[in-house]
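# What the coordinates show
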Amino acid sequence: MEDYVIVVNHIEELQSIQDRQKLEQIFEKAKRTIVGGQNVILVREERNGRQEKFETFSNEQDFEAYRKQVFRFL
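Below you will find a few notes about this structure.

The rules behind these values
Residues numbered from 1 in each chain as written. Predicted model: local features only at pLDDT ≥ 70, side-chain atom pairs only at ≥ 80, totals over all residues. Heavy atoms only, no water. Salt bridge = Lys/Arg side-chain N within 4 Å of Asp/Glu carboxyl O. Helix = DSSP H or I, 4+ residues; strand = E, 2+ residues; numbered from the N terminus. Buried < 20%, exposed > 50% of the residue type's maximum accessible area, 1.4 Å probe, protein only. Arc of directions from axis to C-beta. Contact = heavy atoms within 4.5 Å. Core = buried A, V, L, I, M, F, W, Y, C linked by side-chain atoms within 4.5 Å.

## Overview of the pattern of salt bridges
This structure, assessed with the given rule, holds 4 salt bridges. Between R67 and E24 there is a salt bridge, with the nearest N and O atoms lying 2.9 Å from each other. On the criterion of sequence distance, the pair formed by R67 in helix α3 (residues 60-72) and E24 in helix α2 (residues 20-35) is long-range, its members being 43 residues apart. For R67, a relative accessible area of 19% puts it in the buried group. The closest approach of N and O atoms between E64 and R67, which form a salt bridge, is 3.8 Å. Remark: R67 and E64 occur in helix α3; sequence separation between them is 3 residues, near one turn of the helix. Several salt bridges share partner residues, and in doing so they unite E24, E64 and R67 into one network.

## Looking at helix α1 (residues 8-16)
Every α-helical turn comprises 3.6 residues, leaving residues that sit three or four positions apart pointing alike. All buried positions along α1 are accounted for by V8, I11, L14 and Q15. Each buried residue of α1 sits inside an arc of 115° when the element is viewed along its axis, so together they form one side. In the core, the buried residues of α1 are packed alongside β1 (4-7), α2, β2 (40-45), β3 (51-57) and α3.

## Details of the nonpolar core
In terms of nonpolar packing, the biggest core is built from 17 residues, with I6, I11, F27, V40, F63 and Y66 touching the most fellow members. Among the elements of the structure, β1, α1, α2, β2 and α3 are those that each provide at least two residues to this core. Per element, the largest residue contribution to this core is 5 residues, and it comes from α2. Setting aside residues up to four positions removed in sequence, Y66 forms contacts with V8, I11, F27, L42 and F57.

What follows is the structure, encoded as structure tokens:
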């Protein structure tokens, strides 16, 4: 298994349309990645397609805190 990359722009878009189901799918896959010993990497994608990494999660507790933050806005 390899690291899982989450594009934060996509998360924000799903928040704006309140697509809880798709968000749950993304977060479940990310959790499985962490449990499997890999990292979850958050990136922000710029208009030119360049991705800038700004956070990495390697344990469930930190990732769960991020998940709660995302779902708090729904």
